[in-house]
Protein chains: 2
Amino acid sequence: MSGKVTMKELSKSLNLSVSTISKALNNSPEISEATVNKVKEFAALNNYIPNMAARNLKVGQCKTIGVVLPTISTPFFSSVLEGIESLAVSNGYRIILCLSNELLEKEKASIQKLLETQIDGLIISPSRETKKSNDVGHLSKLKAFKIPVVTFDRRVGDIDCDTITTDEELKAELAIFNLERAGCNKIIFLADTLDLAIYDSRKIGYENAMLSLGLHPMIIEYQNRFPNKHLKRLLESKSIDGILACTEQSAIEVMSFILKNGFSIPHDVSVIGFNNSSLGKTFWPSLSSIDLKPKEQGNLAIETLMDRINGLLPVGNINYQLHSEIIQRQSTRTFF
Amino acid sequence: MSGKVTMKELSKSLNLSVSTISKALNNSPEISEATVNKVKEFAALNNYIPNMAARNLKVGQCKTIGVVLPTISTPFFSSVLEGIESLAVSNGYRIILCLSNELLEKEKASIQKLLETQIDGLIISPSRETKKSNDVGHLSKLKAFKIPVVTFDRRVGDIDCDTITTDEELKAELAIFNLERAGCNKIIFLADTLDLAIYDSRKIGYENAMLSLGLHPMIIEYQNRFPNKHLKRLLESKSIDGILACTEQSAIEVMSFILKNGFSIPHDVSVIGFNNSSLGKTFWPSLSSIDLKPKEQGNLAIETLMDRINGLLPVGNINYQLHSEIIQRQSTRTFF
DNA sequence: CTGAAAGCGCTTACAG
DNA sequence: CTGAAAGCGCTTACAG
């Protein structure tokens, strides 16, 4: 901490009680304007800074919300975080950030820590391991401590909390319909094995569309790195003319791979991905993408949480579903 | 906060004093093993969670460090943050995150807030406005409160603190030498006007190299968006064969622009940028880049800060300079 | 080995 | 309008 001035010291110097100092600093109507001014001036002069930790201890809330994210190194999560941060501070809350690195144990440890250091609420997008294991005890336990939680984007089993999701399943379906109308009928779903574990609804949307179009669904998984021999063979035998990539990263990777192998986009194959960051926008050809509205998810998450904290929401959980949006760019053929 | 169990309640239930409870929970050797175990078991059974805020108030440190960043939506800053976060939590510190959005006022407000809510130290990369205005009063004032600060990457005038920087100037120079050896001699320095305001050392490195090679330095600035007519004219008249782009973003943008206009990379023009994220790696052709070691910067920043907090560092400021690294990829011609 | 007391920096009934 | 007292949940000399 520091050698900071306290109310006690102010009170001594000014020959006033600590109570009076406190009230004056907090603009209590009990205190005369004269002393309010006197106290404030003197406090400012002496660089007095209130100790909010002490205040919080007394008052019983901390104006702090915990944010635990699987990672921060994707444009998606960093945008969400920006959305959370801006609204949080403008409402007087501060953010304490924890990264789970997609690990269940680190997520648990983070939450334990947050509990100890006091939070008014929690925003979380569960880790891959959490989602897979469906081990959510550490999350549901927050209920017992009366700490509201809201999840966003990823959704896990049975935790009793407010949730933010998108209609990505629907939009995945729609994206396939669009590709088909533009003349594609050999459309694959491409995913890093790890992503596949999380984004099942994107896959479901794809499969539904393919089935209802009478087309044959085909999932291609890869582990970490391109090049992928299987994919290369498919390209060379012209067995692919469209790709729905599970993430923006994999979309960019597959586009690079296609170009590197001498095929053209979208002439030979159309590509569309998820997450509409500047990454795909500046790629050449620019990437068509399903915009998951990260900033909006962040904003909505923090708004919901604050409303919940302030008792402004009805009992029972709210499940917001945001509309994602298909952004048409150069990587997909167009139809008329 | 919550309906949490406190030591007082434990003490009542167990018929022990609060002091004993506290000592038992903290493994004090004063207390018999028997009661230590009894207390711990009972605490666990009742989901006791220590209130660290209260503890901190008493003990006078808060194990909290403030991190204020201009933005989080570039791979550079998100990597730094990951570097900070991981080491912080493994050392028992938590991170409270503030974004300045490159604005002086928001930076000032963040620091004021951090001061109020108590921090043991601060890591900051100053905003563009801070750097331009050189208004650093809000930063130097922390010294008076005995709160150590460390800056990274960007460096501003005269604040009395530890700093982390890289040898980017040197590596910019070296990059130009490499381009020249590979046969380029019409090399421009490309920057978004806003970036130019911050990254002067990159420009200086460029200019030094050009001058010492007897080449004509040429800075091209643009505002926010491509396409840039000036640049197009230069391309078409073959007056450019190399580009050092001030950031990764501008490197990617200019590469897209070049490709879009039918020129080839690196055959017609070589491009090299700063910040070596996966963005440039997956672009096709992949981007040669100067790796600014963001994770290392983050690690070093937090390590330095913790050492400073713990009084492990000598008086006087430390200025670490990390070695950045030129990564050769497909966007630059090679030499033998 | 256990406990009573004081105190961290604040707020807030309650009295005067 | 001002102040004394109690207390938020802890820790830590000090006494027994």
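Residues numbered from 1 in each chain as written. Chains lettered and ligands numbered in written order. Predicted model: local features only at pLDDT ≥ 70, side-chain atom pairs only at ≥ 80, totals over all residues. Heavy atoms only, no water.

For chain A, an unreviewed UniProt entry supplies the name LacI family DNA-binding transcriptional regulator and the organism Christiangramia antarctica.

A. The overall build of chain A, seen in detail. A count of helices and strands for chain A gives 15 helices and 12 strands. Its C-alpha radius of gyration of 26 Å places chain A more than 25% over the 20 Å reference for a compact globule of 336 residues. Dimensions along the principal axes, computed over C-alpha positions, put chain A at roughly 90 × 40 × 35 Å. Taken across its 336 residues, chain A has 56% of its residues classed as buried. Relative to all contacts within chain A whose residues are 6 or more apart in sequence, the contacts with residues 24 or more apart total 72%. Carbon together with sulfur atoms contributes 51% to the accessible area of chain A, which is approximately 14300 Å² in total. For chain A, the centre of its 38 positive side-chain charges and the centre of its 37 negative side-chain charges are spaced 5 Å apart. (Helix = DSSP H or I, 4+ residues; strand = E, 2+ residues; numbered from the N terminus. Rg over C-alpha atoms; globule rule 2.2 N^0.38 Å. Buried < 20%, exposed > 50% of the residue type's maximum accessible area, 1.4 Å probe, protein only. Contact = heavy atoms within 4.5 Å. Areas by Shrake-Rupley, 256 points an atom, 1.4 Å probe, with all protein chains shown as cover. Lys, Arg positive; Asp, Glu negative; His and termini not counted. Charge placed at Lys NZ, Arg CZ, Asp CG, Glu CD.)

B. A look at the sheet that holds strand β11 (residues 319-322) of chain A. With respect to topology, 12 strands assemble into an open sheet ordered β11(A)-β5(A)-β4(A)-β3(A)-β1(A)-β2(A)-β2(B)-β1(B)-β3(B)-β4(B)-β5(B)-β11(B), the strand pairing being mixed. Both edges of this open sheet fall to β11 of chain A together with β11 (319-322) of chain B, since each of them pairs with a single strand only. On average, each strand axis in the sheet is tilted by 20° relative to the strand beside it, whichever way the strands run. Sheet strands touched by helix α5 (residues 75-90) of chain A: β1 (64-69), β2 (94-99), β3 (121-124) and β4 (149-152) of chain A together with β2 (94-99) of chain B. Its angle to β2(B), the strand with the most contacts, is close to 80°. Together, β2 of chain A together with β1 (64-69), β2, β3 (121-124) and β4 (149-152) of chain B form the strand contacts of helix α5 (residues 75-90) of chain B, whose direction differs from that of β2(A) by roughly 80°. (Pairing = 2+ DSSP bridges. Axes fitted to C-alpha atoms, helices over the stretch in contact; angles between N-to-C directions.)

C. How the structure looks around the packing of helix α12 (residues 229-236) of chain A against helix α13 (residues 248-260) of chain A. Residue and element names in this part refer to chain A. Between α12 and α13, the least distance of the axes is 11 Å, while the angle of their chain directions is 55°. As judged from the angle between their axes, α12 and α13 are oblique. At the point where α12 passes α13, the crossing takes the right-handed sense. On α13, the residues that touch Leu231, Lys232 and Leu235 of α12 are Val254, Phe257 and Ile258. For the contact of α12 with α13, the class distribution of residues is 5 nonpolar, no polar and 1 charged. (Parallel < 35°, antiparallel > 145°, perpendicular 65-115°, else oblique. Left-handed = near helix turned anticlockwise from the far one by under 90°. Nonpolar A, V, L, I, M, F, W, Y, C, P; charged D, E, K, R; others polar.)

D. Examining helix α8 (residues 137-144) of chain A more closely. Residues and elements named next belong to chain A. Taken residue by residue, α8 has His138, Leu139 and Leu142 as its buried positions. Burial along α8 is one-sided: seen end-on, the buried residues are contained in an arc of 110°. Positive phi appears at Lys146, one or two residues downstream of α8, with a value of about 60°. (Arc of directions from axis to C-beta.)

E. Highlighting unusual backbone geometry. Pro285(A) follows Trp284(A) through a cis peptide bond whose omega is 0°. Note on placement: Pro285(A) falls in the loop between α14 (278-282) and β10 (288-291). We note that Asn134(A) has phi near 55°; this positive angle belongs to a residue other than glycine. Mapped onto the fold, Asn134(A) is located in the loop between α7 (128-133) and α8. Despite not being glycine, Gln118(B) shows a phi value in the positive range, around 75°. Residue placement: Gln118(B) occurs in the loop between α6 (104-116) and β3. Overall, Gln118(B) belongs to the buried group, its relative accessible area being 3%.

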